[in-house]
Amino acid sequence: FRDSIIISITNCATSVYAGFVIFSILGFMANHLGVDVSKVADHGPGLAFVAYPEALTLLPISPLWSILFFFMLILLGLGTQFCLLETLVTAVVDEIGNDWIIRWKTVVTLGVAVIGFLLGIPLTTQAGIYWLLLMDNYAASFSLVIISCIMCVSIMYIYGHRNYFKDIEMMLGFPPPLFFQVCWRFISPAIIFFILIFTVIQYRPITYNEYLYPGWAISLGFLMALSSVICIPGYAIFEISRSEGDTFLQRLKNSVKASKDWGPALLEHRTGRYALEEGSPEIQPLNPEKQKEEIGLTIQGSNGQAHSQDSKV
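Residues numbered from 1 in each chain as written. Predicted model: local features only at pLDDT ≥ 70, side-chain atom pairs only at ≥ 80, totals over all residues. Heavy atoms only, no water.

**Brief notes about the side chain of S143**
Step number 1: With respect to the element layout, S143 can be found in helix α7 (residues 142–172).
Step number 2: The residues touching S143, leaving out its near neighbours within four places in the chain, are Y138, A225, S228 and V229. (Helix = DSSP H or I, 4+ residues; strand = E, 2+ residues; numbered from the N terminus. Contact = heavy atoms within 4.5 Å.)

**Notes on the packing of helix α6 (residues 128–139) against helix α9 (residues 215–229)**
Step number 1: The contact between α6 and α9 brings their axes to 8 Å, and the two run at 45°. Relative to α9, the element α6 is oriented oblique. Handedness of the crossing formed by α6 with α9: right-handed. Counting all contacts with α6, which are made through W131, L134, M135, Y138 and A139, the residues of α9 involved are W216, A217, I218, L220, G221, F222, M224 and A225. (Axes fitted to C-alpha atoms, helices over the stretch in contact; angles between N-to-C directions. Parallel < 35°, antiparallel > 145°, perpendicular 65-115°, else oblique. Left-handed = near helix turned anticlockwise from the far one by under 90°.)

**Observations concerning the environment of F28**
Step number 1: Take F28: it is sitting in helix α1 (residues 2–33).
Step number 2: Considering only alpha carbons, one finds F28 and A55, 27 residues apart in sequence, at a separation of 7.8 Å.
Step number 3: Apart from residues lying up to four places away in sequence, F28 is in contact with A55 and L58.

**Some words on the nonpolar core**
Step number 1: Judged by nonpolar contacts, I25, L26, M29, A30, V40, L47, A51, Y52, A55, L56 and F69 together constitute the single largest core of eleven residues.
Step number 2: Sorting the residues of this core by element identifies α1 and α2 (45–56) as the ones contributing at least two each.
Step number 3: With five residues, the top contributor of residues to this core is α2.
Step number 4: Counting residues in hydrophobic clusters, the runner-up holds nine residues, among them L133, Y138, F142 and Y213. (Core = buried A, V, L, I, M, F, W, Y, C linked by side-chain atoms within 4.5 Å. Buried < 20%, exposed > 50% of the residue type's maximum accessible area, 1.4 Å probe, protein only.)

**Focus on the UniProt feature "binding site: Na(+)" (unreviewed entry) in the protein chain**
Step number 1: Sequence positions flagged by UniProt for "binding site: Na(+)" (unreviewed entry) are, in local numbering, N11 and L76. These annotated residues cover 66 residues of sequence, and their C-alpha atoms lie no more than 12.4 Å from one another, placing them together at a single site. (UniProt positions renumbered as here; feature names shortened; annotations may be inferred.)

**Focus on unusual backbone geometry**
Step number 1: In this structure, I61 takes a positive phi of about 55° despite not being glycine.
Step number 2: Examined against the element boundaries, I61 turns out to sit in the loop between α2 and α3 (62–96).

This is how it looks when you write it as structure tokens:
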């Protein structure tokens, strides 16, 4: 709970601080060039790699500020890649979950990193800037907003906010604060929905300088945006088709129910509403090999000598 609060505050504060830094530089460049701020640079790579470095060359001790700026960009890129890579690797390892992939997680991580590196090579070609803008405008815009909106609605109104709040209380030891409860139920879904609406209303075909992207490139961009979103209705159809029931409505109701064996991973937490029902599959321990280890306990005897006793946990 503490870590999540620190990360959220740090993230928002960094964005506000970066806004002051970026717009002060843009204002300085606009005054230096005698143009409006909107004419200095467009969003995206043009701001980071054209307008900002040019402004740094006009400052005193410009090599120092240039080194610090590009070193900051490297750290930002590495930090982002660590999060994205670990998220993907963790999802793959947890989904498969067998002993082999857990034991060779390092190899899996290396493989994912190499594949990502190879996929990024086309972005370093002369046409790389066009592919970068296409991916940036489509692959990471519509899909993220749609997934976030569906996630809020699914957890709060399908799984149920009461169940979710009880889950949080089980993990933290206290219920989530009222502020978060109100945000999760009402404010966050509403804001995300309005962002989605305005994104659609304000949509304009992508351009780079004077170059207007052709129709096949726009279609490819929408396919990239749909590639991550299509998994949601696809899996929903799959889950409804395999659920029990004679009618579609019965199958729909059964498909949105939580699994009987769903709950905490550790057996000691399987109490109350999380207790396993009869006939439910047995929960496997997180570290079965560690559970089988023999632990030597040193016990002080009455004669003052110490002797060892093996105990299996």
